[in-house]
Amino acid sequence: MTSGISVDLGSAVPPYEQIRLQISSLIAVGSLAAGTRLPTVRSLAADLGIAAGTVARAYKELEQAGLIETRRRNGTVVVGSPDDGPPTGGAVTAEVVAAVDRYIAEGRAAGIDDGTLQSILRVRLGHPQ
């Protein structure tokens, strides 16, 4: 599982956010299907060389977003994407999702709120409101 996840400790984006963005991207593009078991917090932290609390925070935020669920006997599993439908208007590639995730991460690292990020995106798409 960690082959698709990496952490850049030199990035302005906090490590927990990097993990959260990467896992949510993998779920969005279907690389992590519903029912897929994620590594334990300790296991992923050890593989990435970071503190377990960092991974725990990422998992907590993913769980709050409804993307994963922690079950006592089954561990942490993917429950699916909130959108859970095929994308319209063409195929969404992992690269596109990663680019959007970088946009969000960079905006948040710069202190820009979600509403402003959405406004910038609408203007760039030619749909100012």
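Residues numbered from 1 in each chain as written. Predicted model: local features only at pLDDT ≥ 70, side-chain atom pairs only at ≥ 80, totals over all residues. Heavy atoms only, no water.

## Side note on the packing of aromatic side chains
No. 1: Following the criterion strictly, the structure yields zero aromatic pairs and no others.
No. 2: The positively charged end of R57 is found above the aromatic ring belonging to Y16, 3.7 Å away from the centroid. (Phe/Tyr/Trp six-rings, centres within 6.5 Å; stacked < 30°, edge-to-face > 60°. Lys NZ or Arg CZ within 6 Å of the ring centre and 35° of its normal.)

## Quick look at the side chain of S25
No. 1: Residue placement: S25 occurs in helix α1 (residues 15–28).
No. 2: Of note is the side chain of S25, whose polar atom sits 2.9 Å from the backbone oxygen of L21.
No. 3: Other than its neighbours up to four places away in sequence, S25 contacts V97 and D101. (Helix = DSSP H or I, 4+ residues; strand = E, 2+ residues; numbered from the N terminus. Polar contact = N/O pair within 3.5 Å; in protein donor to acceptor, adjacent residues only side chain to side chain. Contact = heavy atoms within 4.5 Å.)

## Side note on helix α3 (residues 52–64)
No. 1: Here α3 is 13 residues long and its end C-alpha atoms lie 18 Å apart, about the 18 Å a rise of 1.5 Å per residue gives.
No. 2: All of the buried residues in α3 are V55, A58, Y59 and L62. Here the buried residues of α3 occupy an arc of 95° about the axis, which is enough to place them on one side. Along α3, the residues that are exposed and aim more than 90 degrees away from the buried face are G53, K60 and Q64.
No. 3: Buried residues along α3 sit in contact with α1, α2 (41–48), β1 (68–71) and β2 (75–78). (Expected span 1.5 Å × (residues − 1). Buried < 20%, exposed > 50% of the residue type's maximum accessible area, 1.4 Å probe, protein only. Arc of directions from axis to C-beta.)

Shape is all these values report; function is a separate question.
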